[in-house]
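Chain residues, written in single-letter form:
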Amino acid sequence: MTQTRTALVTGASSGIGAATARRLATEGWRVYAVARRAEKLEELAENEGIIPLVCDVTDPQQVSAAAEKIRAEGGIDTLINNAGGAIGMDWVADGDIDDWRWMYEVNVLGPVTMIQAFLPMLRDHGEGTILNLTSTAGLVAYEGGAGYNAAKFGEHGLTWALRLEEAENNIRVVEVAPGMVKTEEFSAKRFGGDTAAAEKVYAGIEKPLLAEDVAEVIASAVTLPHHVNLDQIIVRPVAEAAKHKVIRKGI
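A short tour of the structure in this document, coming up. Think of each chain on its own: its residues are numbered from 1, step by step along the sequence as written. Predicted model: local features are reported for residues with pLDDT of at least 70 only, side-chain atom pairs are reported and counted for 80 or more only, and whole-chain, interface and lining totals are derived from all residues. The basis for the side-chain values is all heavy atoms of the structure; hydrogens and waters are excluded.

1. Quick notes on helix H5 (residues 146–166)
Formally: Secondary structure is summarised from DSSP: a helix means a run of H or I of at least four residues, a strand means a run of E of at least two, and numbering begins at the N terminus for each. Expected helix span is given by 1.5 Å per residue-to-residue step, counting one fewer step than there are residues. When a residue's accessible area, from a 1.4 Å probe over protein chains only, is under 20% of the maximum for its type it is buried; when over 50% it is exposed; and in between it is partly exposed.
For H5, spanning 21 residues, the distance from its first C-alpha to its last is 30 Å, which sits close to the expected 30 Å at 1.5 Å a residue. For H5, the full list of buried residues reads Gly147, Tyr148, Asn149, Ala151, Lys152, Glu155, His156, Leu158, Thr159, Leu162, Arg163 and Glu166.

2. A word on the side chain of Thr129
For clarity, the cut-off: Nitrogen and oxygen atoms within 3.5 Å of one another constitute a polar contact, given that in protein one can donate a hydrogen and the other can accept it, and given that sequence-neighbouring residues count only through two side-chain atoms. Whether two residues touch is decided by their heavy atoms; if any such pair falls within 4.5 Å, the residues are in contact.
Mapped onto the elements of the fold, Thr129 is located in strand S5 (residues 129–133). Classification of Thr129 as buried rests on a relative accessible area of 0%. Within the structure, the side chain of Thr129 is placed 3.1 Å from the side chain of Arg172, a separation counted as a polar contact. Beyond its immediate sequence surroundings of up to four residues, Thr129 is in contact with Asp77, Thr78, Leu79, Leu122, Arg172, Val222 and His226.

3. Re the packing of helix H1 (residues 15–26) against helix H8 (residues 211–223)
Packed helix pairs are specified by the crossing angle of their axes together with the interaxial distance, meaning the distance between the axes. Quick note on the threshold: Throughout, an axis means a line fitted to C-alpha atoms (over the contacting stretch in the case of helices), and angles, computed between N-to-C directions, take values from 0 to 180 degrees. In these notes the angle categories are as follows: under 35 degrees is roughly parallel, over 145 is roughly antiparallel, 65 to 115 is roughly perpendicular, and the rest is oblique. Should the near helix be turned anticlockwise from the far one by less than a right angle, the crossing is termed left-handed; should it be turned clockwise, right-handed. Put simply, Ala, Val, Leu, Ile, Met, Phe, Trp, Tyr, Cys and Pro go in the nonpolar bin, Asp, Glu, Lys and Arg in the charged bin, and everything else, Gly too, in the polar bin.
Between H1 and H8, the shortest axis-to-axis distance is 8 Å and the interhelical angle comes to 50°. Classified by the angle between their axes, H1 and H8 sit oblique to one another. Here H1 and H8 pass one another in a crossing that is right-handed. Contacts between H1 and H8 involve Gly15, Ile16, Ala19, Thr20, Arg22, Arg23 and Leu24 on the former and, on the latter, Ala211, Glu212, Val214, Ala215, Glu216, Ile218, Ala219 and Val222. Residue composition of the contact of H1 with H8, by class: nine nonpolar, two polar and four charged.

4. Section: the nonpolar core
Just so we agree on the cut-off: Each nonpolar core is a collection of buried residues, namely Ala, Val, Leu, Ile, Met, Phe, Trp, Tyr and Cys, held together in the definition by side-chain atoms within 4.5 Å.
Leu24, Leu131, Val176, Val214 and Ile218 are the most contacted members of the largest nonpolar core, which has 32 residues in total. If you list the elements that add at least two residues to this core, you get strand S1 (6–10), H1, strand S2 (30–35), helix H2 (38–44), S5, strand S6 (172–178), H8 and strand S9 (232–235). For this core, the leading source of residues is H8, giving seven residues. Ranked by size, the runner-up nonpolar core spans 25 residues in total, among them Leu8, Val108, Ile115 and Ile171.

Structure (structure tokens):
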């Protein structure tokens, strides 16, 4: 009998996180869906195999309590750090320090807090996996993106250092770095709820990536035999040949 795999997905209330939780659940995984918004998680929990868990990944006490609860229920073998986000498009000269601090906390300190809490559990399992969802913004900088670039460059760096540090513990560490992904909340939040500005990001792109596309990539990476480590996966729509070259039609 095949043992049920168990994952924890952060940022699971919407977008890529929600799509990943659903995708793994359809494969028979047991999935802890972690986010701050209880009502969104309850909707997700209507899917068989998904267990909602309200938790702020930047709050060490909440994360510690979640880890204790999950260990008591049998633990996990896979941690997917999806929670993150961007605010604003300020240039460095005009950057809002509070926005930069929020981006660093959610994109870097949040994953670190989760990793520190769940590493003992993953080591004990013997074949643990950690997947960090970064961004192509963590590989190539662009004007107006410095705050998000800095945060995602940081998450990229910690991911690669973690792989070196945990290889002897048989921990598989994967980085998935998406390019342009059209989700219902990411760009809207970045532009302070300005949906017109958010839509402009994807204007003329016939087939941008969707949350479900990235979820498919994540699911593929974590369901491979454990000895197969996809160190880094960069995923973009075909129309985004590079950050500086995006094919837009009809505009």
